[in-house]
Amino acid sequence: AQSVTQLDSQVPVFEEAPVELRCNYSSSVSVYLFWYVQYPNQGLQLLLKYLSGSTLVESINGFEAEFNKSQTSFHLRKPSVHISDTAEYFCAVSPTGTASKLTFGTGTRLQVTL
Amino acid sequence: KAGVTQTPRYLIKTRGQQVTLSCSPISGHRSVSWYQQTPGQGLQFLFEYFSETQRNKGNFPGRFSGRQFSNSRSEMNVSTLELGDSALYLCASTLGTGSTEAFFGQGTRLTVV
């Protein structure tokens, strides 16, 4: 079984400031790791994923996450946030080999203000 | 390429009734998974269907059931609705074998009154 802990339920930040959203996981098997973003009344959109290989993964809109196996973490970072980044962010894991059964964290609400 | 389509988007039902939600996956995807999202419990996995067979199941009562058709479209049914079933129900489609990414629909918002 897997579990995911997102330590911060809300993160307020000013526009153009850096941000880090924290995610820790627990699993007895090897896993894939994901970050999803959800805008109000919408489904989930994949932001980035770690499957294997390089521990640093990047998205097209400036987010990055680093897989740390020893600390069982997959924190999400962005060096400079924009108002449009305001959304709910979910960290998720699945057993290696399939993305069909995801275990999600409780989510972090990122609130970007001027 | 069309995305994952869920219908209806919004639904209001009365306690004790039953409801059926529909999900059409991305063309070529053979697996459909269902999730329940509530403010209190967050996102929870309900079940997964692959090639018309339930392959994985979460920890939900038997009132929650599903099925998948030969064209990979899936339906989820909830019988004897309770107030606590009010939630956003999301479905996700994947290739099914060796999948590395799940694509989500916009969800069906179910309100039980």
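Before reading further, recall that the structure is shown in the block above.
What you see is a predicted model, and the numbers here were worked out from it, not measured in a lab.

## Some words on empty space enclosed by the protein
Unoccupied space between atoms shows up once a probe the size of one water molecule is rolled over them.
Thought 1: Summed over all chains, the structure comprises 1 cavity of 30 Å³ or more.
Thought 2: Of the volumes computed, that of the largest cavity is approximately 40 Å³.
Thought 3: Of the residues belonging to the lining of the largest cavity, the class tally is 2 nonpolar, 4 polar and 2 charged.

## A look at the pairing of strand β5 (residues 31-38) of chain A
Residues and elements named next belong to chain A.
Thought 1: Among the 8 residues of β5, 8 are classified as buried, and the element is accordingly described as predominantly covered.
Thought 2: As defined by bridge partners, β5 adjoins strand β10 (residues 87-95) across 8 bridges and the pair is classed as antiparallel. In the sheet register, Y36 faces β10, and the bridge partner there is F90.
Thought 3: Where β5 meets strand β6 (residues 44-50), 6 bridges bridge the pair, whose relative direction is antiparallel. When the bridges of β6 are listed, W35 appears paired with L48.
Thought 4: Hairpin connection of β5 to β6: 5 residues between the antiparallel strands, including N41 at a positive phi of 60°.

## Overview of the pattern of salt bridges
If the charged atoms of two oppositely charged side chains come close together, the side chains can form a pair.
Residue and element names in this part refer to chain B.
Thought 1: Going through the model one piece at a time under the given rule, you end up with 10 salt bridges over all chains.
Thought 2: Between R55 and E48 there is a salt bridge, with its nearest N and O atoms 2.6 Å apart.
Thought 3: Using a relative accessible area of 36% as the deciding quantity, one classes R55 as partly exposed.
Thought 4: Judged by relative accessible area, E48 falls into the buried class, the value being 0%.

## Brief notes about the side chain of A:T86
Residue and element names in this part refer to chain A.
Thought 1: By the secondary structure assignment, T86 is in the loop between β9 (73-78) and β10.
Thought 2: A relative accessible area of 18% places T86 in the buried class.
Thought 3: There is a polar contact of 3.0 Å between the side chain of T86 and the backbone nitrogen of V112.
Thought 4: T86 has contacts with Y39, R109, L110, Q111 and V112, leaving out every residue within four places of it along the chain.

## Focus on the interface of chain B and chain A
Thought 1: The partner chain A presents 19 residues to the 24 residues of chain B that form the contact.
Thought 2: Taken as a group, B:L43, B:T100 and B:F104 account for 31% of the area that chain B buries against chain A, more than any other trio of residues on that side.
Thought 3: Our count for the contact surface shared by chain B and chain A stands at 1 salt bridge.
Thought 4: Here A:K49 makes a salt bridge to B:E101, at a shortest N to O gap of 3.3 Å.
Thought 5: At the boundary of chain B with chain A, the tally comes to 12 residue pairs in polar contact (both at pLDDT 80 or more).
Thought 6: Elements that contribute at least two residues to the side of chain B that touches chain A include exactly β4 (31-38), β5 (42-50), β6 (53-57) and β9 (87-94) of chain B.
Thought 7: Here the side of chain B that touches chain A takes 4 residues from β4(B), the largest share from any one element.

What counts, and at which threshold
- Residues numbered from 1 in each chain as written.
- Chains lettered and ligands numbered in written order.
- Predicted model: local features only at pLDDT ≥ 70, side-chain atom pairs only at ≥ 80, totals over all residues.
- Heavy atoms only, no water.
- 1 Å grid on protein atoms, 1.4 Å probe; cavity = no way out; pocket = protein on both sides within 12 Å on 5 of 7 lines; lining within 4 Å.
- Points joined across faces, edges and corners; volume = space filled by probe spheres on them.
- Nonpolar A, V, L, I, M, F, W, Y, C, P; charged D, E, K, R; others polar.
- Buried < 20%, exposed > 50% of the residue type's maximum accessible area, 1.4 Å probe, protein only.
- Helix = DSSP H or I, 4+ residues; strand = E, 2+ residues; numbered from the N terminus.
- Pairing = 2+ DSSP bridges.
- Salt bridge = Lys/Arg side-chain N within 4 Å of Asp/Glu carboxyl O.
- Polar contact = N/O pair within 3.5 Å; in protein donor to acceptor, adjacent residues only side chain to side chain.
- Contact = heavy atoms within 4.5 Å.
- Buried area = accessible area lost by both parts, 1.4 Å probe.

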